[in-house]
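Topology and contacts: notes
Each chain is listed here by its residues.
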Amino acid sequence: MPLLLFILCTTIVATATTWESWSAPYDYHGATFSEGEIWIATDGGLRSIDLKTDKTQTFVASDGLEETSQVAVAVDEEQNVIVLSKSGLLAQLKKGQKRFNVLSRSMVEKADIPLKNGLHLRPDFAVIAFEHRVVIFDLKKRTAVITFTQMASFNAIQEKIVGIVLHKDTLFVANSQKVFKRFIDFPNLASDLRLADPSTWDELKHQSPKVGSIFYDHKKGIQVSEYKAFTYSLSNGKFDQVITDEKVGVWVNGDSLKFKDFWDEDEVFLPQWMGVNPLDSCRWILSSDQIWQHCKGKTTLWKDPNEFPAGVVTTVSVRPGIEFVAWMHPYQVKIPVNGDFIAYDFRYGSHYFDDSKGQDANQPLKTMVINDAGFVFTGTWGGSVFSRSPDDYFYRNFHKANGDCMDSWSGDYSIVRGVNKTLNENTMFFSYWGETGENNYGIAWLDDEHNLYCGNDIGSSMVSGPILSIKNSKGNYDVFSVYEHGIGAWDGDMDFMTLAPTRSKELKVVKRQKVYTGALGYARDISWDTKNGRLWLAGISHLGYYEPGTDSVIIPLSIRGIESAEYTALEVDRHGDLWVGTRSHGVFHIKLQNNMADSLLATNITSKDGLLSNTVLDLAIDGALGRVIFAHDIGVSVYHTFAVRFDEGYLEENSKPIKVYPNPFRPGKHQYVTIDNINSTGAFNLFNSAGKVVKTFSSAEMVGGGVKWDGIMANGELAPPGVYHYVVRHNNKAHRGRLLIIR
């Protein structure tokens, strides 16, 4: 398979931090047209496609939606876009603006999800259908007017709603057997004293044995189909239809389309939605992950050449300051700093079997690493280690069948569960399962010239896991290697070994210590705290730390800010802060209180803050650029923050000049003003035109070489307009500049 070149699909947000996101916009759920665009609600965000240029844009959580997955979208008469998220958040993008605003969070209920295409608009109002309720929402007042759960004899709490239709001011609601209607006087809702009375709903008679969907025909009125259907009634009385279930097919203007690509190789019918482009009357037909255009009697597949590959991203690895790699099996996507990206099938060029796809759902692999030279190494189930060169082509397999010294679990089936680049050195360590019934796990070392050294049968169990290596002062390697007590046990401990490469290309065990993990069990991820010289571990439900020289992992006494979570990933930044990914609670940024490992304080970062998804399967830290990279079930997001950035070299000779932006700064319009390229060892003072200090930043506030100021002075008041002067002192030198504040 050749390399595929893709272009940037990114989100930049002017907040306290900057976010970037890459997501595959699948599955498609519903769509609508505006003037010149089609808007598609997807699991990967709200996607817009320019009908003239085919240019695409995807809006995600960090664009103001607070949640990436969307299920319904509508456009009002003023061309404002209203969108409904998977959990029930309602958001609006006003015409001409670039950022959404959430209109309501009050409709979110875990036990009641919105219907696809369950969003309908009337002037100043939205009608929103969930599985167990229908809500009328006032868009101007940003509040729900009424929630219908009982309509005549239909109790929606007990039985699901299967569809709604809003025709003019008449609302139709259907369950699986019956259809009910009511006139809604939208301009005069406040005067409808019986609006909440279930008896004001009428039941409609119909002949269908069951209700799969309902639609409105402008000649015949409401129509009932026993099948799931999307129907659009044209002025000539003929229909555009997409019908699924037992009776399937697409009809355009009453004529059936005989297009073979509407069925997949298993004869499953794909289309789910159809609409008419107002610019040229061409039809857009959507399945869950494909778009077709039917124009002038011809049906063609529409494809976005810049689309991010679909898949669950299980692993991310960073080459600081240059690029990072994301793995969604079988693709690996390399994303350099400029945001352009290249995707490739990491197996291409090798003939070895890879079984990793079947393993990554429940246990994110974390077995892909990019080294300082740009080589990517991938440990797999079955195929041992795959490697690719810096120019993204297949380099070689490290495999027993190739004559390499690594053990194989069974025949040519080799399992590598740990891949690690040695800290501060461009060498690699791999941990792999031992031979079935014979050997415990082994560890291999790859030097910087790609010579392989092996230590087979040196572990404490057959089943290896995550691994971490550090070169010690004697030139040997201190290796932390997690293992399970048995296949699928999810219970385990850790080996702490000192290993020395020999001339015979073996790894000699200089020292070994068994470390008991206790209540933490098998560690899914481990990370070294360079500042404090300790190892941190993340189990399924516990965090723990290991102090070299002791014999067991310690569970911290107190972690404030976390009630419960399933941990999936762990990294420690240069300041000793922990970044912890979870299965459904986003990310926790954890600080040590008074530099004590037993007292932790956690801050939760979720999709509301800009995270692409609250499912985080892996993360990586780029200290050179000050960014944290997250692997999600629907893509990748990047969090730019001074908190993890290196600031050595700032305010030194020939270093980058101090940068202040935006300047002029307008509080209210601009959320923050950023002062960048300073140094955390210095001192910062801001003076007004009278020479009075109005704001001071301490070195603790300048971590990473930058600060963000919201315009609030030391006295708690908003800084008035005027010219301000700042002085940054570092190494007995003063650096000065100006900041203009306007209204």
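These notes cover the structure that comes with them. (Residues numbered from 1 in each chain as written. Predicted model: local features only at pLDDT ≥ 70, side-chain atom pairs only at ≥ 80, totals over all residues. Heavy atoms only, no water.)

**Quick word on the overall build of the protein chain**
What the protein chain contains, in helices and strands, is zero helices and 65 strands. Over its C-alpha atoms the protein chain spans a radius of gyration of 29 Å, differing by no more than 12% from the 27 Å that the globule rule assigns to 743 residues. In terms of its C-alpha atoms, the protein chain occupies a principal-axis envelope of roughly 90 × 80 × 50 Å. Looking at the protein chain as a whole, 55% of its 743 residues are labelled buried. Counting every atom, the protein chain has about 32000 Å² of accessible surface; 48% of that belongs to carbon and sulfur. (Helix = DSSP H or I, 4+ residues; strand = E, 2+ residues; numbered from the N terminus. Rg over C-alpha atoms; globule rule 2.2 N^0.38 Å. Buried < 20%, exposed > 50% of the residue type's maximum accessible area, 1.4 Å probe, protein only. Areas by Shrake-Rupley, 256 points an atom, 1.4 Å probe, with all protein chains shown as cover.)

**Overview of the state of the cysteines**
Working definition of a disulfide: a covalent bond connecting the sulfur atoms of two cysteines. In the structure shown here, the tally under the stated rule is two disulfides. Each disulfide pairs two cysteine sulfurs, and for cysteine 282 the partner residue is cysteine 295, the sulfurs being separated by 1.8 Å. Taken as a pair, cysteine 282 in the loop between strand 27 (273–276) and strand 28 (283–286) and cysteine 295 in strand 29 (residues 291–295) lie far apart in primary sequence, 13 residues in all. Classification of cysteine 282 by relative accessible area gives buried; the value is 6%. With relative accessibility at 27%, the residue cysteine 295 sits in the partly exposed group. Cysteine 405 shares a disulfide with cysteine 454; S-S distance 1.9 Å. Handedness of the cysteine 405-cysteine 454 disulfide follows from its S-S torsion of about 75°: it is right-handed. Of this pair, cysteine 405 sits in the loop between strand 39 (394–398) and strand 40 (414–421) while cysteine 454 sits in strand 43 (residues 452–455), and the two are 49 residues apart along the sequence. Under the relative-accessibility criterion, cysteine 405 is labelled partly exposed at 30%. The exposure class assigned to cysteine 454 is buried, which follows from its relative accessible area of 6%. The connectivity of the disulfide bonds within the protein chain can be written as 1-2, 3-4, using the sequence rank of each bonded cysteine. (Disulfide = S-S within 2.5 Å.)

**Structural notes on a negative patch on the surface**
Negative charge collects at one region of the surface, where Asp264, Glu265, Asp266 and Glu267 lie side by side. Of note, glutamate 267 is situated in the loop between strand 26 (255–256) and strand 27. Classification of glutamate 267 as exposed rests on a relative accessible area of 69%. (Patch = residues over 30% accessible without salt bridge, like charges linked within 9 Å, V, L, I, M, F, W, Y side chains within 5 Å. Salt bridge = Lys/Arg side-chain N within 4 Å of Asp/Glu carboxyl O. Lys, Arg positive; Asp, Glu negative; His and termini not counted. Charge placed at Lys NZ, Arg CZ, Asp CG, Glu CD.)

**Here's the deal with the nonpolar core**
In terms of nonpolar packing, the biggest core is built from 22 residues, with Ile136, Phe148, Leu171 and Val173 touching the most fellow members. At the level of elements, strand 12 (125–130), strand 13 (134–138), strand 14 (143–148), strand 17 (163–167) and strand 18 (170–174) are the ones that each hand at least two residues to this core. When residues in this core are grouped by element, the largest group, three residues, is from strand 12. Sequence-distant contacts of phenylalanine 148, that is, excluding residues within four places in its chain, are made with Arg133, Val134, Ile136, Leu171, Ile184, Leu195 and Trp201. (Core = buried A, V, L, I, M, F, W, Y, C linked by side-chain atoms within 4.5 Å. Contact = heavy atoms within 4.5 Å.)

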